[in-house]
Amino acid sequence: MICGLAMNGDQSNPDKKRPSGLFWLVLLLLLGTFSVLCHQGFLPYEVFWANDSALGAMKNSSAQLPGMFTGYWSDFWWIGGAVPSTSPSLSSLLASVLSPEHYLKVYAPLTMVFMGCCAWFFFRQLRFAPWVCVVGGLGAGLNMHYFSNACWGLGTWEVSASMVFVALGILVSPDIRQLWIKGVLAGLSVGMVVMEGFDVGAILSIYVGIFLLFYFLLSTPDPAQGIGKAVGVGALVVICSILMAASTLYTLVGTQLTGTGGGGQSAQEKEAQYDFNTQWSIPKIESLRLFIPGLFGYRLVDFTTSTNKSGSYWGRIAEDPRVERLESSDPKVRLHAAEALGVQAEIRDVMAGDDVKTREQVVDQIKNSVQRRHTGSGEYAGLLVCLLALFGLANTLRKSDSPYSSQERWSVWFWGAAGLFSLMAAWGQHGFVYRLIYAMPFLNSIRSPMKFMHPLNIILMILSGYGLEVLHRRYLDLEIPAKGRSFGKALIEGFKKFSGFDIGWSIGMLVVFVGSIAALLIYSGSSANLVTYLEHNGFGSDVAPQIAAFSIKEVGLYLVYFTISAALIVSILTGAFAGKKAVFAWAALSAIMICDLSRADEPWVRYFNYKEKYSMNPLVDLLRKEPWEHRVVSRTSPMGGYDLGGSDPNFGAVCHWWLENDYPYNNIESLEIDQAPRMPLLEKGYIPNFAPRTQNDLTPVLRLWKLTNTRYIFADARLEPLLNQLAQPQNSFHTIMRMDMVIKTNVTQVEDAGDMTVQINTNGPWALIEFPGALPRCKLYSNWEAADDQSTLQKLVSPWFDVDKTVLVATNTPLAEKSTAGGADPGTVKISNYESKHVTLLAEAKTPAVLMLNDRTGDWWKVWVDGKPEQLLRCNFIMQGVFVPAGQHTIDFRYQPPLTYLYITVTALIIGVLLGGYVVVNHFYIEPRSSKP
């Protein structure tokens, strides 16, 4: 909108150029394309399936806006935990005015339309031709890499990338002459980059900062003056970006670094975390996905809803790095990997030996127990985008007839070098560049090297714009007689006049074309080997041939699009499209861009009917009643596998679906942790103490359930006798519901676990088991002990320590009062109001007591007793508590992070809107441009 309004100047002023209007063309083309791609969103109850922004989580009472602006405490997983508070970013402001259902319908496509428009804005500020901006905007707005991430639920990364284009456009804009305005607006834009992208935004902001330094040094004849401009504008950018992102930076540090083990900076800590932090790396061979979208498939097989699994991803992103080491030719490397995986001694002997056949069988068995692959995105930048980017780079080699000014040539080289660095950094553990990055202070806390594919795709979009501008300047924007020359004749004459660069480029395209045909023939001829490889790496004999055929077909499609794209570019080089025929070239380029990128985007589009997926079942219906009074679990470890359901794979799939969808949608609280890449230190010290001793000795697990108010266990019905045998006192568990797992009645084809449900059957294999012995959510204790953390953990695990009668209070939250005699009746307490950030309790204490709330403690939890602030106690190592005297009391626990940083961000946002409005009204007019540099 801002870009378009900037062009609508007062035409009565002769100094103002009439706007081209082509902004509206790129906007309409993107809206039209996504209306077709995402047409299911127009149907009622259909929303985007998003792994990282599930509807259930968005509907949870703890995740409602605007409440999350003042702090986000997630209480539907584990025993609660701090989550980064929502900052007033573009995405969150949109979510504030739309319901979660409508938000998920439109957010993914809207982020891409926004990115296309922001790329258009950047190209216009470079003074590129209107049609260049349109085609370049289409390449950005339909980019498969970013769209696949949006479909995964990470549309904020697209908004972050979009704001990079805005920041760059402001920096290079000749219309904004005041350097202080450039610095302030660019800085506020960079702040929004960080607010939307978090660690991805931090990576992208570094690129903007380096470009700023490069730009002012390059564009200022006097080096000293250039350094002064770069320092001055750079300082403004840094200050304003920090002010804009203040609330985000504060909440990220407070929840993702402080109090976690993710920020270790010693050499030993970094090395210990290297495999984990670099697991999501791009194998070098998979760089080909930039040019061939489905070479290694699209979605993971688990997230492919069609019965046709041929397009499933089969690459090695996120594979446990020890798998590759198991297949090393070095026996020492193999043995070390086997030891790291904790395999049995006899298996280690096999791994260190020379019996290749037996070793391969053992490796196949080990592979089934580790992560093989996991990715929610594709890396395709668009074949035409890549060709144009290479074309733009290649034109810097021209000398006497260069289409670039000296400054433009250096800019192209800058982006080319940045792109090569980004690709090599994205290789992560498969290359050496990320080792250098990882050694830098604090950068080791940015997980997943493949995040460098984000700047790489932006760079390819920018370079493609330069390539399009060369086509415009040298081959399309020419004065050609209106009559007397047919297109065919012009094409032939153009080929005859080919020389120098044009010949070299055409020969290069021909060589690539021939090489691609040869590669396709070799690849298709090796299909049997590919099938064997797939079967060796986790795919069944039924689907492996389908995947191989699909991959070969994708190479064939690449060849088709390469032929069309390369032929069009070479045809443009002949001059046959010059003059008035140029519009046909631009139309053809636009059509290829839309068709190519749309067919790559289509496999990522996945809608689902939330009314059907979230339909009620007996188990959920029971658990959603007063959900704050109990937790539910289906695995022995909060982050382990679903081992309480036996060997049936449907059990784990359904339980995990409920954890991410039905449970939060109905405010049901589960003890399980869905994901925690940066585990807080409290959990690191607490959870390992309750691991099962053996497969059948779950005594520590039962203790964890008791301590955490886990009253319900969904498991194999045969588990109840074992639990009752281990329980103290015995027979503490009883089954309250037996069930069958069935397909939902309205489902004809099972797409995912959301199409499965349970129905009551007194002889069913699954059971909801109740554990009445679990501690209540809140409890009064007349007897308490002060203890350090080590002693507390030892006592909590010990079966001889009675957690029903005594609570342990951490020594860093001391109590002045002494415990009364053990056994005294402490009284009663109940929850009168429960919200994720505010819990109100009514207590009737018969004696001075410690009130323990079985929710996790945190830095910004505070407590009031009868309206008076009191000391928050840390009870039983990880829970909240407070001392209450005898009598009737009202106790309020509130989660209240400081709002100072939020106010700073809001102020910066208002300043940005006002200053941006001033610039739109007074600065952004499209100047006449020359076809020559």
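S.K.: When you look at the overall build of the protein chain in this model, what are you seeing that I'm missing?
M.R.: Each helix and strand in the protein chain was counted, giving 35 helices and 20 strands. Taking 2.2 N^0.38 as the reference for a compact globule, 933 residues should give roughly 30 Å; the C-alpha atoms of the protein chain span a radius of gyration of 31 Å, in line with that estimate. With respect to the principal axes defined by its C-alpha atoms, the protein chain has extents near 105 × 65 × 55 Å. Relative to its 933 residues, the protein chain shows a buried fraction of 57%. Taking contacts inside the protein chain between residues at least 6 apart in sequence as the whole, the part at least 24 apart equals 76%. About 38,400 Å² of surface is accessible on the protein chain, with carbon and sulfur atoms providing 60% of the total.

S.K.: Please clarify how the sheet that holds strand β20 (residues 887-895) should be interpreted in this entry.
M.R.: Consider a sheet: its strands pair through backbone hydrogen bonds, and that pairing is either parallel or antiparallel. Spatially, five strands are ordered β13-β14-β20-β16-β17 in an open sheet, and the strand pairing comes out antiparallel. Looking at which strands have only one partner, the edges of the open sheet turn out to be β13 (827-835) and β17 (868-870). On average, each strand axis in the sheet is inclined to that of its neighbour by 25 degrees, with strand direction left out of account.

S.K.: Explain the packing of aromatic side chains here, please?
M.R.: Aromatic ring pairs are described here by two measures, namely the spacing of the ring centres and the angle between the planes. Overall, the coordinates contain 52 aromatic pairs when judged by the stated rule. Ring geometry for F391 and F501: centres 5.8 Å apart, planes at 65 degrees, overall edge-to-face. On the criterion of sequence distance, the pair formed by F391 in helix α18 (residues 383-394) and F501 in helix α23 (residues 501-525) is long-range, its members being 110 residues apart. With respect to burial, F391 and F501 carry one shared label: buried. Ring geometry for F651 against F714: centres 5.3 Å apart, planes inclined by 25 degrees, an arrangement best described as stacked. Taken together, the residues span a long stretch of sequence, with F651 in helix α29 (residues 649-660) and F714 in strand β6 (residues 710-716) at a distance of 63 residues.

S.K.: Hey, could you run me through the environment of S189 in this one?
M.R.: Structurally, the position occupied by S189 is in helix α9 (residues 179-197). Residue S189 is classed as buried on the basis of its relative accessible area of 7%. Taking C-alpha positions, S189 is 45 Å from M756, a pair spaced 567 residues apart along the chain. Ignoring anything within four residues of it in the chain, the contact list for S189 reads M163, V166, A167 and I170.

S.K.: Would you mind going over the nonpolar core with me for this structure?
M.R.: The nonpolar side chains of soluble globular proteins are, as a tendency, buried together. Of all hydrophobic cores here, the largest spans 209 residues; its most connected members are W415, L471, L619 and F714. Here this core gets 16 residues from one element, more than from any other, and that element is helix α25 (residues 544-573). Counting 46 residues, the second-largest nonpolar core is a separate cluster that includes L707, L719, A727 and V850.

S.K.: Sorry if this is basic, but what is going on with the pairing of β13 here?
M.R.: In terms of strand pairing, β13 meets strand β14 (residues 838-845) through eight bridges, oriented antiparallel. In the sheet register, T828 faces β14, and the bridge partner there is E844. Once β13 ends, the chain turns through two residues before running back antiparallel as β14.

S.K.: What's the story with the confidence of the model for the protein chain in this structure? I'm lost.
M.R.: Note: predicted coordinates in regions of low pLDDT should not be interpreted at a detailed level. Taken over all residues, the pLDDT of the protein chain has a mean of 89, while the share at 70 or more is 94%. When the criterion is pLDDT under 50, residues 1-19 qualifies, and its contacts beyond four places in sequence or with other chains add up to 30 contacts. The low-confidence segment residues 925-933 (pLDDT under 50) makes 24 contacts with residues lying over four places distant or belonging to another chain.

S.K.: What should I look at first to understand the sheet that holds strand β5 (residues 631-633) in this one?
M.R.: Reading across the sheet, the five strands line up as β5-β6-β9-β7-β8 and stay open at both edges, with mixed pairing between neighbours. On the outer flanks of this sheet lie β5 and β8 (756-760), each paired with one strand and no other. For this sheet, the mean inter-axis angle between neighbouring strands, taken without regard to orientation, is 30 degrees. With five bridges connecting them, β6 and strand β9 (residues 766-770) associate as antiparallel partners. Paired with Y712 across the two strands is E770, which belongs to β9.

The rules we used
- Residues numbered from 1 in each chain as written.
- Predicted model: local features only at pLDDT ≥ 70, side-chain atom pairs only at ≥ 80, totals over all residues.
- Heavy atoms only, no water.
- Helix = DSSP H or I, 4+ residues; strand = E, 2+ residues; numbered from the N terminus.
- Rg over C-alpha atoms; globule rule 2.2 N^0.38 Å.
- Buried < 20%, exposed > 50% of the residue type's maximum accessible area, 1.4 Å probe, protein only.
- Contact = heavy atoms within 4.5 Å.
- Areas by Shrake-Rupley, 256 points an atom, 1.4 Å probe, with all protein chains shown as cover.
- Pairing = 2+ DSSP bridges.
- Axes fitted to C-alpha atoms, helices over the stretch in contact; angles between N-to-C directions.
- Phe/Tyr/Trp six-rings, centres within 6.5 Å; stacked < 30°, edge-to-face > 60°.
- Core = buried A, V, L, I, M, F, W, Y, C linked by side-chain atoms within 4.5 Å.
- pLDDT = per-residue confidence, 0-100.

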